[in-house]
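# Notes for the structure review
The primary structure of each chain is shown beneath.
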Amino acid sequence: AVPFLGFREGRETRGTMGLWAGVKFLVKETITYKTVKLVKTYDKTLILLHLFFMSLITTYAFYSIVVSHSYMKFETPTTSVTQSLYRDDFDDLAGDATSTLPYCVGTGNDLVDYVSVANDTYKDPQCVRLDAWEFTQKDANAMWVNTHFRQRTVTRTCPGKDGTEFKACTETVSNVRDAFIAGPEQLALDLSFTVTATFGLAQPPAELIIRKPDGSTVTHSPGPKNDAARLTIGDILSSAGIDLDAQSPTAAGKSSVFASKRAPHRLMGVHLRVKLESTNTNPDPWRPFDTTLRTFVSVEFVPTKEMFGPATHVYYVGGHLDFDDNLPSLQSHDQVRVERHWSGVYIEYESGGEVGKVDLITTMMAITNAFVLIGMATAIVDNIGQLISARFYDDKYEDDGEREILENIASQLEEPGHLGVPFDPKNLRLMSDDDVPGMNYEDAMYNIMNQIREIEDRLSMIPEEEGEFVEAEGGGPSRQPDGYPPLNLVEEISAEKRMKALEEEEEEPEPAEILLYPGVQMMGRGCGNVLSKAVSRQQFTLTVVKDKVRMKALRDGPGYMKDGVGRFEPLKMGKAVVLTVGDKVVFRMREGKQGGHLGVHTILEEGGEDKEIGWLESIRIQLGC
């Protein structure tokens, strides 16, 4: 491409860039400092893009602040439970026959067939009716409602009552019986909840929402008096999807008593976790400002492998008193006790959820983040504008180079250092047709002057009349003009020939001479002593005009040496060079090979003598070193 002058300084003109140029541009853009500059544009594409991204980001910011309640400061509350037993429905069943209960009519191994890990055997238990206080146990944040027990009577006899000797006591176990408790599912719990938080919240929930396994819900409103929610044990079990008469899928036992293992939840016990998730935000996006306090209740079944129950209850039913006056020794503690090993439903409560209040700092941070997000719309459109519009880039970004241009123009107009030029010529850049900046003005002028000098040097080797060569190449041999002696090619004896002559004690071989006549003369194999088949018969031509000789290669291989250079240069096929007296030609260059170059000749005037060269210099030239 022909370069042309432009005077954009500082920032390179943007155009088609290669990979490396693109990487440099990105690095430069990354490390430069940028500040805000307002640009007003009426580009419809950029306007529509900006409105589109502004709408998306504004909608998201509104949703994040208002619907997601990011203006509130949240924490996990503590939901405390007050529980009490309601036994009226359970007591009403006291007169009913046990035959109405399906788990009370089995015989043999119809309902239970299980051998525990401790090698205890269980088969169909009997059914008994107990008072509620006997099989329930209320803790601070939990509740036991037992469904099965194994009762055994232990008689303890301890010898050595007089205290004179100490012997091991013996225990006799009798009356081992298993029993299901009739109707524990009819017991009810009255539950009252209070939600507390560190920012001063301490109140019952306005709504108590109980979630069922099928996705349905039951809502209870405690009201300002915190009315208790009444749930039967059966309701709590159904909320976890548990049927006490269903087989426990996780029961681990050794084997079965009879045919197959049958271990229902009523035998193994059930661990239930009641999750209380309290919140004062409404998940409904159409009611973002609803701050009603709600507690969601869900029941989770926690699998157990072995029989699950509270500690064994022991009842002492008779025996000697430790402080009997007639038996003063403490060793005298014969007694009879009844042990009950329980398994049943364990209910524990777990607090969770999030409650929050409006917080000024949190609100300010949410608004700040929203403005940052809205600013992203401008950043996105700016990047797209740079890609699709070069004018937008120039309008948007102004770097120090452009400002320096304006300052240079102003200073040159006030105090012109270059007459008629309102800018510093040192800042001129050569621009290609593709608008790619090149070298500056001074470097370009320096290179041009060097090229001119090189061309002058080459022209000095060409005869004054180029037409003389054209005329000479068009005809045959002719006579040299007056005043110009004939020219010859004089062979340089190779080092190999000289050494061979010395070994055979022969006279030094005479160099061959080839007369050069005016006009075009073909050179190749058969000329002089050049007989090697490595040289073509039409290797190159020599055209003699006056005291100049033009050498034109017809094949690859010939070369030449300017007088005083000391090294042969190859001459490619179709290329030509102008030589004169004292220069050398070679028919075939074989640099570095044994025997050296083939057919080295020197251009001499007829009757002239080649200048004397040393023996080592002759060998070096012939070998092409």
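Use the structure listed above.
Now for a quick tour of the structure.

Rules used throughout
- Residues numbered from 1 in each chain as written.
- Predicted model: local features only at pLDDT ≥ 70, side-chain atom pairs only at ≥ 80, totals over all residues.
- Heavy atoms only, no water.
- Helix = DSSP H or I, 4+ residues; strand = E, 2+ residues; numbered from the N terminus.
- Buried < 20%, exposed > 50% of the residue type's maximum accessible area, 1.4 Å probe, protein only.
- Contact = heavy atoms within 4.5 Å.
- Areas by Shrake-Rupley, 256 points an atom, 1.4 Å probe, with all protein chains shown as cover.
- 1 Å grid on protein atoms, 1.4 Å probe; cavity = no way out; pocket = protein on both sides within 12 Å on 5 of 7 lines; lining within 4 Å.
- Points joined across faces, edges and corners; volume = space filled by probe spheres on them.
- Nonpolar A, V, L, I, M, F, W, Y, C, P; charged D, E, K, R; others polar.
- Axes fitted to C-alpha atoms, helices over the stretch in contact; angles between N-to-C directions.
- Parallel < 35°, antiparallel > 145°, perpendicular 65-115°, else oblique.
- Left-handed = near helix turned anticlockwise from the far one by under 90°.
- Pairing = 2+ DSSP bridges.
- Phe/Tyr/Trp six-rings, centres within 6.5 Å; stacked < 30°, edge-to-face > 60°.

### Quick word on the overall build of the protein chain
Within the protein chain one finds 13 helices and 30 strands. Across the 625 residues of the protein chain, 37% fall into the buried class. Within the protein chain, contacts between residues separated by at least 24 positions form 67% of all contacts whose residues are at least 6 apart in sequence. Total accessible area computed for the protein chain in this model is approximately 36800 Å², and 55% of it derives from carbon and sulfur atoms.

### Concerning empty space enclosed by the protein
Going through the model one piece at a time under the given rule, you end up with 4 cavities of 30 Å³ or more. In this structure, the largest cavity spans a volume of roughly 100 Å³. What lines the largest cavity is a set of 13 residues, and nearest its centre among them are L191, L231, I236, V274 and V297. Broken down by secondary-structure element, the contributors of at least two residues to the lining of the largest cavity are β10 (188–196), β12 (207–211), β14 (229–232), α5 (233–239), β16 (294–302) and β18 (335–358). Of the residues assigned to the lining of the largest cavity, the class counts are 12 nonpolar, 1 polar and no charged.

### Examining the packing of helix α2 (residues 44–67) against helix α7 (residues 360–388)
The interhelical angle for the contact between α2 and α7, taken along N-to-C directions, is 160 degrees, at an axis separation of 9 Å. Considered as vectors, α2 and α7 are oriented roughly antiparallel to each other. Relative to α7, the crossing made by α2 is right-handed. For the contact of α2 with α7, the per-class residue count stands at 19 nonpolar, 5 polar and no charged.

### Quick look at the pairing of β16
With 7 of its 9 residues buried, β16 lies for the most part within the structure. Bridging between strand β15 (residues 270–279) and β16 involves 9 bridges; their strand directions are antiparallel. Among the inter-strand pairings, L272 is bridged to a residue of β16, identified as F301.

### So, the packing of aromatic side chains
By the definition in use, this model includes 9 aromatic pairs. Note on Y103 and F180: the rings are 6.0 Å apart at their centroids and 90 degrees apart in plane angle, and the pair reads as edge-to-face. Highlighted residues: Y103 in the loop between α3 (88–92) and β4 (113–115) and F180 in strand β9 (residues 170–181), separated in sequence by 77 residues. Of the residues examined, Y103 reaches a relative accessible area of 6% and is grouped as buried. A relative accessible area of 1% means that F180 is categorised as buried.

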